Amino acid sequence: MKKGGAVGMAPQEAAAAVGQVKAELEDVGKAAGRAVAVASAPAMSPLSETLWREKAAVEFLGDVSARLAWRDLTVTVALGSGETQAVLEGLTGYAEPGTITALMGPSGSGKSTMLDALAGRLAANAFLSGTVLLNGRKANLSFGAAAYVTQDDNLIGTLTVRETISYSARLRLPDNMPMEEKRALVEGTIVEMGLQDCADTVIGNWHLRGVSGGEKRRVSIALEILMRPRLLFLDEPTSGLDSASAFFVTQTLRGLARDGRTVIASIHQPSSEVFELFDRLFLLSGGKTVYFGQASEACEFFAQAGFPCPPLRNPSDHFLRCINADFDKVKATLKGSMKMRFEKPDDPLERTTTSEAIRRLISYYQRSQYYFVARQKVDEMARVKGTVLDAGGSQASFGMQAFTLTKRSFVNMSRDFGYYWLRLIIYIVVTVCIGSIYLNVGTKYSSILARGACASFIFGFVTFMSIGGFPSFVEDMKVFQRERMNGHYGVLAFVISNTLSAMPFLILITFLSGTLCYFMVHLHPGFTHYIFFVLCLYASVTVVESLMMAIASIIPNFLMGIIIGAGIQGIFMLVSGYFRLPHDIPKPFWRYPMSYISFHYWALQGQYQNDLVGLVFDNQDDELPKIPGEYILENVFQIDVRRSKWLDLSVLFSMIIIYRLLFFVMIKVSEDVTPWVRGYIARRRVQHKRRAAELAMVRTPSLRGYVVDAAELPADHP
Amino acid sequence: MGEGNGTAWAGALSPAARYAETGGASLTWENLTAVLPGSGGRATKKLLQGLYGYAVPGRIVAIMGPSGSGKSTLLDSLSGRLARNVLQTGKVLLNGKKRRLDFGAVAYVTQENVLLGTLTVRETVTYSALLRLPSSMSKAEVRRVVDDTLNEMGLRECEDRPIGTWHLRGISGGEKKRLCIALEILTRPRLLFLDEPTSGLDSASAFSVIETLRTLAIDGGRTIISSVHQPSSEVFALFDDLCLLSSGETVYFGDAKLAPQFFAETGFPCPSRRNPSDHFLRCVNSDFDDVATALKGSMKLRAEADLDPLLKYTTSEIRERLVDKYRISDYAMMVRSTIHEISKIEGVLEEVVKGSQATWFKQLRTLTRRSYTNMYRDFGYYRLRIIIYVLMAICLGTIYYDVGNGYTAIQARASCGGFVSGFMTFMSIGGFPSFIEEMKVFSLERQNGHYGVAAYIISNFLSSMPFLLTMSWASASITYWMVKFRPGFSYFAFFALNLYGGVSVIESLMMIISALVPNFLMGLILGAGVIGIMMLTSGFFRLLPELPKIFWKYPVSYIVYGSWGLKGAYKNDLLGLEFEPMTPGGDKLTGEYIITNMMGLSVSYSKWLDLAMIFILLLAYRITFFLVLKVKEAAAPYIRVAYTQFTVKRLERRASFRESLAMTSLSKRHNTPHPMAIQEGLNSPMQIGDINWTSITSSSKGFHNGLIKMRIPNRMSNRSLNHIIKMSRTNPTKGKASKGAIELVQNSSFKI
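No experiment lies behind these values; they were computed from the predicted model shown.

Enquirer: I keep staring at the UniProt feature "transmembrane region" (unreviewed entry) in chain B and nothing clicks. Help me out?
Expert: Here the UniProt feature "transmembrane region" (unreviewed entry) sits at residues 379-400, 412-432, 453-483, 489-513, 520-544 and 608-629 of chain B. Spanning residues 520-544 of chain B, this segment combines 68% helix with 0% strand, and its end C-alpha atoms are found 33 Å apart.

Shown next, in the form of structure tokens:
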């Protein structure tokens, strides 16, 4: 709180906001006290209440807690060959408000699939059967109704923590909410996540050292709890963090749960301290339930099943040791290759194989009281029909979203050295080189070709260097995808904001380098000629940017994107009318349509006219008559002089719009059509296979392997 | 404490005595202190403060501690890999003697797995064996060594699987780590250092790695020292000795089994359902203080204050108590007496031959074969590029299809040549990422002294040749026949060779750039810029006679391959042909006229001379690459020495170093590593080879092959410090620059 003076906040306002938050904090304290005292009716913080009252539009706020129950949850995945694999089999469980439930299991046991299934984010080729009930009703949780924190923190590295949160708040909170309240909400969230100390530190990127991994993870969580969702899903919130940060993150999650929220997190190898913070434990192995119940009673369950946790051992380590079938493989490998020493013959795990232990545990659980209690509780929860929670998505208007996004993206671009500043430097260096090579090109006979070459090099090569911004743009796309998945804003707002925020930088870059070039080379004098040249350069660079964006939306892989972008530009350049004269370009394909699609073609046509019309050049010998520029245009460069150069420029500008539209359509397609097609193909395949009555049930290592590209898989998971 | 412990210690010692006689390595360190002098406004940092400890054959020592506690500094100073700007004092004795431990005398397994992803496990081990084992060994012997190693590391099952790249799914993380260890134990070192071998692995893989280490220790009688970060319960149970550090001070050193007892005696017993290592770290990790403060500030948890008994004290208090208690405890006494005992045992350590024992030709042959296999299997290295080249050639061929002899054909032929020499070679940039991966492997192996720079460069040239020849031959023949350049085999051969030369030169250029700028993105942009400028000065965009004389004509246009390539291409294509004049009916234009008058080039010498110039340029670029690598290796120690001298000077002005200081982590290692981030595509692409962006300390840590150790005796007078400085000023460095620098500092420290 000590750094209350937020960005752009007047001091007295800030003080007021701080005071407000403090008051609220005290209230929350009391509320939390009540929450613990009366566990059945979890309290809410005033911050949450404000927001929910807004949302629910009722005077007295009813019970807005989220009770999630799932019964006989089974997920099957269609493989490429049309076979199906059951990833989850008949899971039953529930999550109550005020508690934090941990999904644990070895890698490939179906943790993430289960989380995805509960959050309604399953991939299109995975089929779910069984019921998932939210407050006794069938739940539709996708696109923002519940908050989902993914494993990777896709944040904008150049913004500070406070900026990140407050931009997100402005993107999603309703327009009519006063700024004061928004600010208070942001400050409150910062305090709640324990981010006060680093609130004004940047997140950090490749050249900026920023906040630590744990802080980053907490910022990601803060963004999701900003809208005060009642249900919170987290995918491995502690992975990659050291023990203190992991403890802190989990402790905050526990705090969030105590605020009356329902928190479900998948988790991989928690340390002892972290494990102690969980209320309920859902232990999975190979898609089957090993244990579901109080985390503190799990030890007892394992002891009853014949696998007591040895002293001085982290219970969660013990559980995972019991149910991780990889240990069998490890032991087999080690035994085969070396003299094994059996150090603990008294350990029951040394006497049996892990797969045997898993079998015993699963069958023991099916018969145990834990299972019956869970089923009973789920039935009970299914009977009670509670409030329909359909919060989620953004409540801000389109204009607000577009405005905020533009501002955010502008701030990011101005701070990220690699986005435009680096390119500005390179452009200036390159144009100085060009300028000095073509210094004072003049109107000699040899200048005719030199002018042509100069223009083609500028429009070919200089625009080519725009590729340098591709990586930053890929980073942007990642942030967009995360926020889009959580329903923060629409695609159109993103496309518009991106166009607007890049404009000042592109104008700066092209005007600076264009001016340098123009005056060093001494192109056709006159202000309109200068303006045309610079505008033409600006339009070309923007077209290349838009082209690269469209590519990035289909091919998010950095290297492939660059290669494809370079290839397309190379071909465009080839048909632009410089390397091969327009009339000589083979008519089918290359001239129609390729050279007309090529933006280089229009830029060169315009620039040649702009440069040569009205100039008179020396001939080969002094006694021969001078050559007018128009003659050169028609005979040497084969350009139609009847068409105005401004028409060429307007074609370029319309290309910008077309490419941006294309970009928009690409995103829409990849968002809506592709999953549908994927799902359709998967269903068809499965049906086909079913008819052939070959239903092979094999255990899958991980669902994700089939959903995403293999390249995205974390390499270190066996 | 008491009798029980005594016997435990005795038990720990007996193997030491046994192995010391059979060539085992016992390492002891006494009063080990490491100081990072602050530069600029930063304060001096104490990284290690008076540590005592030992490592004996047959046992694994685990160095544990929260991040920033000095784990890796201790590991680095024991293995002689300390960054040059860190001052180290105290005694590190191997079998009771002072010895240099760098350069292959000991094995050091780094945290990052630097492997060529396309090779199989067996190939990786075999190539490494061929590179380093004596050439006199027969094939069968090498094979046996490889088999033994694979067996020992439990890698037989996956021996024929590839390691895995971005487009190839390979072995698991645990197997990768075991493979890295296998490479290090090929030469049978007695002493093995590992830097966080389990980080990033799941519990089963981590268990398999440490279990293998245990076998190496017990069956092989090796001495193993490993830093470890948050081991799971099973993994922790496998360690013999524990060295627990916090802020560079010893919290505990001794038998790992006795550590819970020590904590209980101090008043912080480990709860029964807790992993002892988690408990230890919880007690000494001062980050938990910050967490507690932050939590107190935030709104929750007031009803649950009693959740953690440790919250009653701050961690810094607990830490203080533990450190103080340990200092006066019997455990500390036992350690000192053990050290004393070990240093009395006069162990015989066979002189380990450092680096590689293979002959230069054997190295070259092995490297070439390995590199060829890698290039052949990595789709992105050359095969993708060959496809792109062929596609480009088809595009070019259709656009300039049957170019003919018209007046406009003159310009068309010239621009076709320009495009080939400009853009086709430009696409070579596509191989940059694969090349950077290979460079990583090279720098690691070079640092371990596996082979020389020259062997590497020549092998790279040889292995890439077939691919580049295929590439240029395929695209040249497509273009040549489609465009219908001047018929005749020698003309075609010239065209293809010209393209080959150009592509090779650009490749060499990109190598130089990648050696200078290891950051992927910067390299790409810089490369594109340089190639662009080269294109501009090659005589196509601006005719050579018209280039501004200063700088652009002399020297740039002469050291650019494009100008030679274009000259040759024009001569090859145009000489002897006749073209239609601009206005019909005039005299036909001869090729010679066009070249001399329109292109402004001279026809006085043969096109083959131009081609020869390209190959000379190729040679020159390769030599430059060699020099760049050499200079990089040689210059780094000088910079460090200069820096250390400067610091020593500063230190003598100061009464004591003890003005420190918050311990913060020097390493960035706990951030997620980005091994192949670029190729995975969706991870941050900027992080490739971000060596330059890390702080000086972490970048220099063990990155160069020349290593310097500053050994400064405990009570160092100003006089002796001056002596060091004088020594280092007056001693002329001899022989290899880096070696000289090392001797310089070491000699001086011994003479004091």
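After that view, the rundown keeps rolling.
Enquirer: Which parts of the structure should I look at to understand the packing of helix α9 (residues 276-284) of chain B against helix α11 (residues 315-328) of chain B?
Expert: The angle between the axes and the distance between the axes are what describe a pair of packed helices. All names here are of chain B. Contact pair α9 / α11: the axes reach a minimum separation of 7 Å and the direction vectors enclose 105°. As judged from the angle between their axes, α9 and α11 are roughly perpendicular. Residues Arg 282, Cys 283 and Val 284 of α9 touch α11, and the partners they reach there are Thr 315, Ile 318, Arg 319 and Leu 322. Residue classes in the contact of α9 with α11 are distributed as four nonpolar, one polar and two charged.

Enquirer: Where do I start with the pattern of salt bridges in this structure?
Expert: Opposite charge on two side chains permits pairing when their charged atoms draw close. Here the structure, examined in full by the defined rule, presents 51 salt bridges over all chains. Across the pair Arg274(B) and Glu276(A) runs a salt bridge, and its minimum N-O distance is 2.8 Å. Of the two residues, Arg274(B) is situated in the loop between α8 (259-266) and α9 and Glu276(A) in the loop between α8 (272-275) and β9 (280-285); the pairing between them involves two chains. Since its relative accessible area comes to 3%, Arg274(B) is described here as buried. Given a relative accessible area of 42%, Glu276(A) falls into the partly exposed group. Arg385(B) is paired through a salt bridge with Glu507(B); the nearest N and O atoms lie 2.8 Å apart. Residue Arg385(B) is found in helix α14 (residues 379-399), and its partner Glu507(B) is found in helix α18 (residues 489-516); the two are separated by 122 residues along the sequence. Each of Glu249(B), Arg319(B), Glu320(B), Asp324(B) and Arg327(B) takes part in a single network of salt bridges with overlapping partners.

Enquirer: Could you clarify how one ought to interpret the interface of chain A and chain B in this entry?
Expert: Interfaces are often sized by the amount of accessible area the parts lose when they come together. The partner chain B presents 111 residues to the 105 residues of chain A that form the contact. Regarding the contact of chain A and chain B, the summed buried area is about 9900 Å², with carbon and sulfur atoms giving 66% of it. In terms of surface lost to chain B, no three residues of chain A exceed Trp206(A), Ile437(A) and Phe579(A), which account for 8% of the buried area on that side. Notably, a salt bridge pairs Arg274(B) with Glu273(A), separated by 3.8 Å at the nearest N-O pair. Applying the counting criterion to the chain A and chain B interface returns 18 residue pairs in polar contact (both at pLDDT 80 or more). Class assignment of the residues belonging to the side of chain A that touches chain B gives a composition of 55 nonpolar, 29 polar and 21 charged.

Enquirer: Explain the layout of surface pockets to me, please; I cannot follow it from the model alone.
Expert: Gaps left between atoms are located by rolling a probe of water-molecule size over the structure's atoms. Its boundaries defined by the atoms lining it, the second largest pocket holds a volume of some 1100 Å³. Lining the second largest pocket are 37 residues, with Tyr445(A), Gln620(A), Tyr407(B), Met582(B) and Met598(B) positioned closest to its centre. For the lining of the second largest pocket, the secondary-structure elements that each account for two or more residues are α17 (445-464) and α24 (629-635) of chain A together with α15 (407-426) and α22 (591-598) of chain B.

Enquirer: Can you help me understand the pairing of strand β4 (residues 126-134) of chain A in this one?
Expert: On a regular strand, one side chain projects to one face of the sheet and the next to the other, so that they alternate. Residues and elements named next belong to chain A. Note: strand β1 (residues 68-78) against β4, eight bridges, orientation antiparallel. Considered in β4, the bridge of Leu 68 is made with Leu 134. Here β4 runs beside strand β5 (residues 137-138); their pairing, made up of two bridges, is antiparallel. Within β5, the position partnered with Leu 133 by the bridge is Lys 138. Counting the residues between successive antiparallel strands, the hairpin from β4 to β5 contains two residues, one of them, Asn 135, with a positive phi of roughly 50°.

Each value, and the rule that gives it
- Residues numbered from 1 in each chain as written.
- Chains lettered and ligands numbered in written order.
- Predicted model: local features only at pLDDT ≥ 70, side-chain atom pairs only at ≥ 80, totals over all residues.
- Heavy atoms only, no water.
- UniProt positions renumbered as here; feature names shortened; annotations may be inferred.
- Helix = DSSP H or I, 4+ residues; strand = E, 2+ residues; numbered from the N terminus.
- Axes fitted to C-alpha atoms, helices over the stretch in contact; angles between N-to-C directions.
- Parallel < 35°, antiparallel > 145°, perpendicular 65-115°, else oblique.
- Contact = heavy atoms within 4.5 Å.
- Nonpolar A, V, L, I, M, F, W, Y, C, P; charged D, E, K, R; others polar.
- Salt bridge = Lys/Arg side-chain N within 4 Å of Asp/Glu carboxyl O.
- Buried < 20%, exposed > 50% of the residue type's maximum accessible area, 1.4 Å probe, protein only.
- Buried area = accessible area lost by both parts, 1.4 Å probe.
- Polar contact = N/O pair within 3.5 Å; in protein donor to acceptor, adjacent residues only side chain to side chain.
- 1 Å grid on protein atoms, 1.4 Å probe; cavity = no way out; pocket = protein on both sides within 12 Å on 5 of 7 lines; lining within 4 Å.
- Points joined across faces, edges and corners; volume = space filled by probe spheres on them.
- Pairing = 2+ DSSP bridges.

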